[in-house]
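Overview (structure and organization)
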Amino acid sequence: MNHLSFGITLATPATHDALVESCRTAEGYGFDSVLAVDHLGPNRTSPFSVLNLAAQVSPTLKVGTYALNGAFWNSSLLAREVQTVQRMSGGRLQLGIGAGIIKQEFDLAGIPWTPMDARVAHVGSLLDELRKFLDDEPDVEHPPVLIGGTGDRMLRLAAERADVVSVGGIRHIKGKATGNFRVIGTDETEERVAFVRDAAAGRDVTLNAFVQVVEVTDDREAAAARIAEDWELTAEVVLDSPYMLIGTAAEIAEQVVASHRRFGFTSFSVQRPYLDALGPSIALARAAA
């Protein structure tokens, strides 16, 4: 059986009890990892503080970031946080990192909003410097690195440097302000995966899909029509997209397995609101893969 792995973001747990409940529920469903986000604004939580708590709540779940905004970090500060989580969790950290895509958060942090090329270059430099810091800590294992994106620049960096390449499934809508995205479909996903494999040049990388929507329903067509209107898509694109899982638990499991077979995804991540929607499909998908 091919092992499929599943991660769930913890979003911004408001209390210790909420964090415990999310971790316990994720364990029960068979999720492999819980993931902290890195956003600014009201009610947001510190990603590494959340991960340290999650690691203590569950001795089995992996903990990770999906994904750090690279612009918010320098290598020395990041190395301190990585070392801490690795030590406190017994080496269960997966470090997910990206270039940052929401300008308003850069404004909140007082960090200049630079062109994408510069933000991607910073991520590459950050990883280089982080490795040097971690090399000076012989008792700290280097965590596997996940880099997520959909555009050429981030996916090329991910293919060349990351252990896990996450295809985000959304792209910025040209002509609209940052934060406005569209979901990509199967043809574009095939092209993106082929791009990654070519850029990886034989490197063995794990492919992750960041799923945008999970909805349990007995009427896929009706749900797809409603979701299509919300996302300004067609129902056909919604039903065909590997980043939108819609149907009964068995149908959602079939879609996961289909994405695994067609695109080579072996890892799937979803956001906290979809914990209970995806959970029952995990065992079904693993049994069928």
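Residues numbered from 1 in each chain as written. Predicted model: local features only at pLDDT ≥ 70, side-chain atom pairs only at ≥ 80, totals over all residues. Heavy atoms only, no water.

1. Observations concerning the overall build of the protein
What counts is decided by this rule: Every helix listed is a DSSP run of H or I at least four residues long, and every strand listed is a run of E at least two residues long, numbered separately from the N terminus. Atoms counted for the radius of gyration: C-alpha only. Globule rule: 2.2 Å times the number of residues to the power 0.38. Summary of the burial criterion: residues with accessible area below 20% of their type's maximum are buried, those above 50% are exposed, and those between are partly exposed, where the area comes from a 1.4 Å probe applied to protein chains only. The accessible surface values rely on the Shrake-Rupley method and a 1.4 Å probe; as for residues, cover is taken only from the protein chains in view. Counting rule for charge: Lys and Arg are taken as positive, Asp and Glu as negative, and neither His nor the chain ends is counted. Charge placement uses NZ in Lys and CZ in Arg. For Asp and Glu, CG and CD serve respectively.
From N to C terminus, the protein includes 11 helices and 13 strands. Over its C-alpha trace the protein gives a radius of gyration of 18 Å, about what one expects of a compact globule, namely 19 Å for 289 residues. The dimensions of the protein, computed from C-alpha atoms along their principal axes, are 55 × 45 × 40 Å. For the protein, with 289 residues in total, the buried portion stands at 49%. Total accessible area on the protein stands at roughly 13,100 Å², and carbon and sulfur atoms take up 51% of it. Counting 26 positive and 37 negative side-chain charges, the protein places the centres of these two groups 4 Å from one another.

2. What to know about the pattern of salt bridges
Rules: When a carboxyl oxygen of Asp or Glu is within 4 Å of a side-chain nitrogen of Lys or Arg, the pair counts as a salt bridge.
For the structure shown, the criterion picks out 13 salt bridges. Salt-bridge contacts for Arg 24 lead to Glu 27; the nearest nitrogen and oxygen are separated by 3.4 Å. Of the two residues, Arg 24 and Glu 27 both sit in helix 1 (residues 16-29), three residues apart, roughly one turn of that helix. Residue classification places Glu 27 among the partly exposed positions, given a relative accessible area of 25%. With a closest N to O distance of 3.1 Å, Asp 107 and Lys 103 form a salt bridge. Remark: Lys 103 and Asp 107 occur in helix 4 (residues 103-109); sequence separation between them is four residues, near one turn of the helix.

3. Focus on the packing of aromatic side chains
Describing an aromatic ring pair means giving the distance of the ring centres and the angle of the ring planes. Test applied: Centres within 6.5 Å make a pair out of two Phe, Tyr or Trp rings, where for Trp the six-membered ring is used; the pair is then stacked when the planes are under 30 degrees apart, edge-to-face when over 60, and tilted otherwise.
Across all of its chains, the model carries eight aromatic pairs by this definition. Aromatic pair Phe 48 and Trp 73: ring centres 5.4 Å apart, planes at 90°, arrangement edge-to-face. Of this pair, Phe 48 sits in helix 2 (residues 47-57) while Trp 73 sits in the loop between strand 4 (68-69) and helix 3 (75-89); the two residues are 25 residues apart in sequence, bridging distant segments of the chain. Neither Phe 48 nor Trp 73 differs from the other in exposure class; each is buried. Relative to Trp 113, the ring of Phe 106 lies with its centre 4.8 Å away and its plane at 85°, an arrangement referred to as edge-to-face. Since its relative accessible area comes to 1%, Phe 106 is described here as buried.

4. Remarks on the packing of helix 6 (residues 152-161) against helix 7 (residues 186-200)
We count it as follows: Only the stretch in contact is used when fitting a helix axis, every axis being a line fitted to C-alpha atoms; angles between N-to-C directions are given from 0 to 180 degrees. Roughly parallel refers to an angle under 35 degrees, roughly antiparallel to one over 145, roughly perpendicular to one between 65 and 115, and oblique to any angle outside these ranges. Definitions for this section: a left-handed crossing has its near helix turned counterclockwise from the far helix by less than a right angle. A right-handed crossing has that turn clockwise. Two residues qualify as a contact provided that any one of their heavy atoms is within 4.5 Å of a heavy atom in the partner residue. As a working rule, the residues Ala, Val, Leu, Ile, Met, Phe, Trp, Tyr, Cys and Pro are called nonpolar, Asp, Glu, Lys and Arg charged, and the rest polar, with Gly in that last group.
Orientation of helix 6 relative to helix 7, taken along the N-to-C sense of each, is 45°, at an axis distance of 8 Å. Between helix 6 and helix 7, the angle falls in the class oblique. For the pair helix 6 and helix 7, the sense of crossing is right-handed. Residue-level contacts link Asp 152, Leu 155, Arg 156, Ala 159 and Glu 160 of helix 6 to Arg 192, Phe 195, Val 196, Ala 199 and Ala 200 of helix 7. Of the residues contributing to the contact of helix 6 with helix 7, the split by class is six nonpolar, no polar and four charged.

5. Some details on the pairing of strand 12 (residues 244-247)
Working note: regular strand, side chains alternate between the two faces of the sheet. For clarity, the threshold we go by: Between any two strands, at least two bridges found by DSSP are needed for them to pair.
Here strand 12 shows two buried faces, one formed by Met 244 and Ile 246 and the other by Leu 245 and Gly 247. Sheet topology places strand 11 (residues 213-216) next to strand 12; four bridges connect them, and they run parallel. For Val 213, the partnering residue across the bridge sits in strand 12 and is Met 244.

6. Side note on the side chain of Gln 212
Which entries qualify depends on this criterion: Pairs of N or O atoms are called polar contacts if they sit within 3.5 Å, as long as, within protein, a hydrogen donor faces a hydrogen acceptor (for residues adjacent in sequence, only side-chain-to-side-chain pairs).
Relative to the helices and strands, Gln 212 is located in the loop between strand 10 (206-210) and strand 11. Engagement of the side chain of Gln 212 in a polar contact is seen with the backbone oxygen of Gly 168, the distance being 2.9 Å. With near-sequence residues (within four places) excluded, Gln 212 lies in contact with Gly 168, Ile 170, Trp 231, Tyr 243, Gln 271 and Tyr 274.

The values are spatial; any link to function lies outside them.
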